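Descriptive structure summary
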Protein chains: 4
Amino acid sequence: MEPKIQEMINAVNENPFGKMLNIELTELNTGESSVEITVLPHHLNPHGTLHGGVMATMADIAMGVAVRTLGKVGMTINLNTNFIATALLGERVIARGKVVHDGNSIASVECTVSRGEDILARSTGVWYLLKNK
Amino acid sequence: MEPKIQEMINAVNENPFGKMLNIELTELNTGESSVEITVLPHHLNPHGTLHGGVMATMADIAMGVAVRTLGKVGMTINLNTNFIATALLGERVIARGKVVHDGNSIASVECTVSRGEDILARSTGVWYLLKNK
Amino acid sequence: MEPKIQEMINAVNENPFGKMLNIELTELNTGESSVEITVLPHHLNPHGTLHGGVMATMADIAMGVAVRTLGKVGMTINLNTNFIATALLGERVIARGKVVHDGNSIASVECTVSRGEDILARSTGVWYLLKNK
Amino acid sequence: MEPKIQEMINAVNENPFGKMLNIELTELNTGESSVEITVLPHHLNPHGTLHGGVMATMADIAMGVAVRTLGKVGMTINLNTNFIATALLGERVIARGKVVHDGNSIASVECTVSRGEDILARSTGVWYLLKNK
């Protein structure tokens, strides 16, 4: 099934939490999606670097949209993130989600969060697929 | 070492991302911390329920503050969350973090996110301890 | 539904991999199960301590049996383990699994691996429930 | 630093738990390693399929050897596995570990467990690096 591009873009734009975080959908293919931010003051932790919760949220959104490109709606049941490096104010950060396995009830999805060539975090997610859509 | 209560509370209040999410520190003991939110419109996902990224962020903050009550500063290197249920607009959600093991370089921390008696999510985290403070 | 004790004990005894590892089922309650080993030479890693794979396997079995006490059969879809300490030859190690949430399709389960009072590892697992039994 | 091939192969062969599981080291490059099994009766779970604990152990060994090819010795502090499919008696299963990030104190490592073209499981691991060697 072909991804319904506009529906996906709307879904991300309709996501209130994603909007508050200024997360933009920038790429969409079958089983894949990328979202990006420019690091703003409200994305920072007390150390003055990008908060891990922002990276986890970007990964969750990129992976959820990747699942939706397959014509499926699901919900995250497990989200695991390894944090490797961080980013600073004004830097551009991208989260690329990709479906690894698309089963009947369960999808396995992964995401790389990076800044240029540097990997900042790697996430894996398990989605429970509610229904075909 | 006794927790320096006021320093902890300031650390959470100085957390720009936590502030944007209206996360409040509500409890603090040695090796333990609780943070809370009332679910607001900007916390929601496209399904109209509490975004998993908010729960993951609350868990990250509650666990990070729990580590700081031990007089240590660290950074999250792994954050794993199992999502069990969600919450609706206006509901009160609490994340209780607790240090399970406090080693020389690594701390193992856990968190329960709940709404009243209902568990919404369970997180585990690994912290790399930068230095004593 | 009451756990069928003998069926559970048989299931563990019929588990070829568990048998090879000398894993014994030692406790069984609704939603809970404990399995134990005495650390034998074939459980060791090259450092001469208990192999992490043994602890992960004990956790997987203890959690899977805990799910079965609820009258359900499932399969592990996510297994996450934080390793805190290890054990030596001849020591007694116990893994206690406990169902945290028992949903229609998904169960969330946790496990503590310990030696006496010392926690060696903490695992969380997600089970996909195949059918009632 | 170049990997000391023979030392690595010995490390795997000296691994008592790996030996009991008939795990063979079959490939070794800088930051990468592959281990394989042919599924034997003692690798099975009560459903008659490859036990998840075997896959988790293969991943742990493949990732640990991948870390050692960098001239470092470490220990697993987090091991996360998503199980996607399983294997049957007599099938050949390979686990390919790869270091994603090699830091001063922490390495982030990943592993794909597969049977031919089919992915059976994906693991991520965090290693605490004890010392250079």
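Scroll up a little and you will see the structure.
Residues numbered from 1 in each chain as written. Chains lettered and ligands numbered in written order. Predicted model: local features only at pLDDT ≥ 70, side-chain atom pairs only at ≥ 80, totals over all residues. Heavy atoms only, no water.

1. Structural notes on the overall build of chain A
As a reminder, the rule being used: The helix count covers DSSP runs of H or I at least four residues long, the strand count covers runs of E at least two residues long, and both are numbered beginning at the N terminus. Taken over C-alpha atoms, the radius of gyration is set against a globule rule of 2.2 Å times the number of residues to the power 0.38. For the exposure calls, accessible area comes from a 1.4 Å probe over protein chains only, and a residue counts as buried if that area is under 20% of its type's maximum, exposed if over 50%, partly exposed in between. In what follows, a contact means two residues having at least one pair of non-hydrogen atoms within 4.5 Å. Only the protein chains shown count as cover for residues, with accessible areas throughout obtained via the Shrake-Rupley method and a probe of 1.4 Å.
A count of helical and extended segments in chain A gives three helices and six strands. Order of helices (α) and strands (β) in chain A, N terminus to C terminus: α-α-β-β-α-β-β-β-β. Scaling as 2.2 N^0.38, a compact globule of 133 residues should have a C-alpha radius of gyration of about 14 Å, and chain A matches this with 14 Å. The C-alpha extent of chain A, read off along each of the three principal axes, is 45 × 25 × 25 Å. In chain A, buried positions account for 63% of the 133 residues. Within chain A, counting contacts between residues at least 6 apart in sequence, those at least 24 apart form 63% of the total. Accessible surface, chain A: about 5100 Å² in total, of which carbon and sulfur atoms supply 51%.

2. Looking at the relation of the copies chain B and chain A
Test applied: Each copy is superposed on the other by least squares, with the fit set by C-alpha atoms of residues at a pLDDT of at least 70 in both.
Relative to chain A, chain B is turned by 180° and slid 0.0 Å along the rotation axis, the superposed coordinates differing by an RMSD of 0.0 Å. This pairing of chains is accounted for by a two-fold axis. Considering only C-alpha atoms, the residue of chain B closest to the rotation axis is B:Asn80, which sits at 2.1 Å. Most of the interface of chain B is mirrored in chain A, where 100% of its interface residues are also at the interface.

3. Some remarks on the side chain of A:Lys72
All names here are of chain A. Using the following cut-off: Polar contacts, as counted here, are pairs of nitrogen or oxygen atoms within 3.5 Å of one another; within protein the pair requires one atom able to donate a hydrogen and one able to accept it, and residues that are adjacent in sequence qualify only if both atoms are side-chain atoms.
Take Lys 72: it is sitting in strand S3 (residues 72-83). Looking at Lys 72, its side chain comes within polar contact range of the side chain of Asp 102, at 2.8 Å. Polar contacts involving the side chain of Lys 72 include one to the main-chain carbonyl oxygen of Gly 103, which spans 3.4 Å.

4. Examining helix H3 (residues 52-68) of chain A
So the rule is basically this: An expected span of 1.5 Å times one less than the residue number is assigned to each helix.
Its 17 residues give H3(A) an end-to-end C-alpha distance of 24 Å, which sits within 8% of 24 Å, the value for a rise of 1.5 Å per residue. Where burial is concerned, most of H3(A) is hidden: 17 out of the 17 residues are buried.

5. Some words on the interface of chain D and chain C
Here is the rule we go by: Here the quantity called buried area is the accessible surface, traced with a 1.4 Å probe, that two parts lose on coming together, added over both. When a carboxyl oxygen of Asp or Glu is within 4 Å of a side-chain nitrogen of Lys or Arg, the pair counts as a salt bridge. Any two strands are treated as partners once DSSP identifies two or more bridges connecting them.
Contact residues are listed per partner, giving 31 residues for chain D and 31 residues for chain C. A per-residue breakdown of the area chain D buries against chain C is headed by D:Phe17, D:Met20 and D:Phe83, which together make up 23% of the total. Taken together, the links from chain D to chain C amount to zero salt bridges. Our count for the contact surface shared by chain D and chain C stands at 12 residue pairs in polar contact (both at pLDDT 80 or more). Looking at the side of chain D that touches chain C, the elements that each hand over two or more residues are helix H2 (16-20), helix H3 (52-68) and strand S3 (72-83) of chain D. Broken down by element, the side of chain D that touches chain C gets its largest block of residues, 10 residues, from S3(D). The pairing of strand S3 (residues 72-83) of chain C with S3(D) spans five bridges and is antiparallel. Bridge pairing in S3(D) links C:Leu79 to D:Thr81.

6. So, the pairing of strand S4 (residues 92-102) of chain C
All names here are of chain C. Two elements, strand S2 (residues 32-38) and S4, share seven bridges in a ladder whose sense is antiparallel. By the bridge assignment, Ser 33 is partnered in S4 with Gly 97. Note that S4 and strand S5 (residues 106-115) share eight bridges and pair antiparallel. Following the sheet pairing, Lys 98 is matched in S5 by Glu 110. If you look at the hairpin formed by S4 and S5, you'll find three residues sitting between the two strands.

7. Let's talk about the environment of B:Val113
Residue and element names in this part refer to chain B. With respect to the element layout, Val 113 can be found in strand S5 (residues 106-115). What makes Val 113 buried here is its relative accessible area of 0%. A sequence separation of 28 residues divides Val 113 from Ala 85, and the C-alpha atoms of the two residues are 9.8 Å apart. With sequence-adjacent residues up to four places away left out, Val 113 is seen in contact with Met 55, Val 93, Ile 94, Ala 95, Asp 118, Ile 119, Leu 120 and Ala 121.

8. A few points about the pairing of strand S5 (residues 106-115) of chain A
Of all 10 residues in S5(A), 10 are buried; the element is thus mostly enclosed. Burial along S5(A) is two-sided: the face carrying A:Ile106, A:Ser108, A:Glu110, A:Thr112 and A:Ser114 and the face carrying A:Ala107, A:Val109, A:Cys111, A:Val113 and A:Arg115 are both buried.

9. Thoughts on the nonpolar core
Definition in use: For our purposes a nonpolar core is just a set of buried Ala, Val, Leu, Ile, Met, Phe, Trp, Tyr and Cys residues, chained together by side-chain atoms within 4.5 Å.
Residues C:Val93 and D:Val93 are the most contacted members of the largest nonpolar core, which totals 76 residues. Of all the elements, H3(D) adds the most residues to this core, at 11 residues. For C:Val93, the residues in contact, after removing those within four places along its chain, are C:Val35, C:Glu36, C:Ile37, C:Val39, C:Leu50, C:Met58, C:Ala87, C:Val113, C:Ser114 and C:Leu120. Residues A:Val12, A:Val67, B:Met8 and B:Leu50 belong to the second largest nonpolar core, which totals 75 residues.

These values are about where atoms sit, not about what they do.
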